[in-house]
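Coordinate inspection notes
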Amino acid sequence: QVQLVESGGGLVQAGGSLRLSCAASGGTSSTSAYAWFRRAPGKEREFVAQIGRSGGSTSYADSVKGRFTISRDNAKNTVYLQMNSLKPEDTAVYYCAASSKYDPFFAGQYEYWGQGTQVTVSS
């Protein structure tokens, strides 16, 4: 029932910034935590950032901590990922995910996934 649509991806030079958006619709009252994952070419999907229902609880992968910020606007049912100081190794398809769990720990605990948006960082 829940649908997630990502937007905001594109091509950016190293050191630049992008902001990704994830619009949620259809039964969002059943969701609690949201997260961003990414999959680089030839690599497995990896966790990027997670945010709790109120927006007060966040967590980040070590590779992006200090550069990326996850936030949410509950009135708009939208989750954001602000990406600063981008590096070529950040190049990947970025996916938004939602979970009914209050504090998910594994990717398998996220029941809803978007189609992904491409982020390409040139050197």
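Residues numbered from 1 in each chain as written. Predicted model: local features only at pLDDT ≥ 70, side-chain atom pairs only at ≥ 80, totals over all residues. Heavy atoms only, no water.

Concerning the packing of aromatic side chains
Each aromatic ring pair is characterised by the separation of its centres together with the angle its planes make. For the structure shown, the criterion picks out five aromatic pairs. Seen from their ring centres, F37 and F47 are 5.7 Å apart, and the 75 degrees between their planes marks the pair as edge-to-face. Of this pair, F37 sits in strand β4 (residues 33–39) while F47 sits in strand β5 (residues 46–51), and the two are ten residues apart along the sequence. A centroid spacing of 5.6 Å and a plane angle of 80 degrees characterise the contact between F37 and Y110, whose relative ring orientation is edge-to-face. With F37 in strand β4 and Y110 in the loop between β9 (92–99) and β10 (112–113), this residue pair connects regions lying 73 residues apart in the sequence. The buried category is assigned to F37, whose relative accessible area is 4%. Judged by its relative accessible area of 4%, Y110 is buried. (Phe/Tyr/Trp six-rings, centres within 6.5 Å; stacked < 30°, edge-to-face > 60°. Helix = DSSP H or I, 4+ residues; strand = E, 2+ residues; numbered from the N terminus. Buried < 20%, exposed > 50% of the residue type's maximum accessible area, 1.4 Å probe, protein only.)

Notes on the pairing of β9
It is a general feature of regular strands that their side chains alternate between the two faces of the sheet. Most of β9 sits inside the fold, with six of its eight residues counted as buried. By the bridge criterion, seven bridges tie β4 to β9 in an arrangement that is antiparallel. Its bridge partner lying in β9, A33 is registered against S99. Sheet analysis places β9 next to β10, joined by two bridges and oriented antiparallel. Each bridged residue has a counterpart across the sheet, and for A98 the counterpart in β10 is Y112. (Pairing = 2+ DSSP bridges.)

From the geometry alone we can't say anything about function, so treat these as descriptive.
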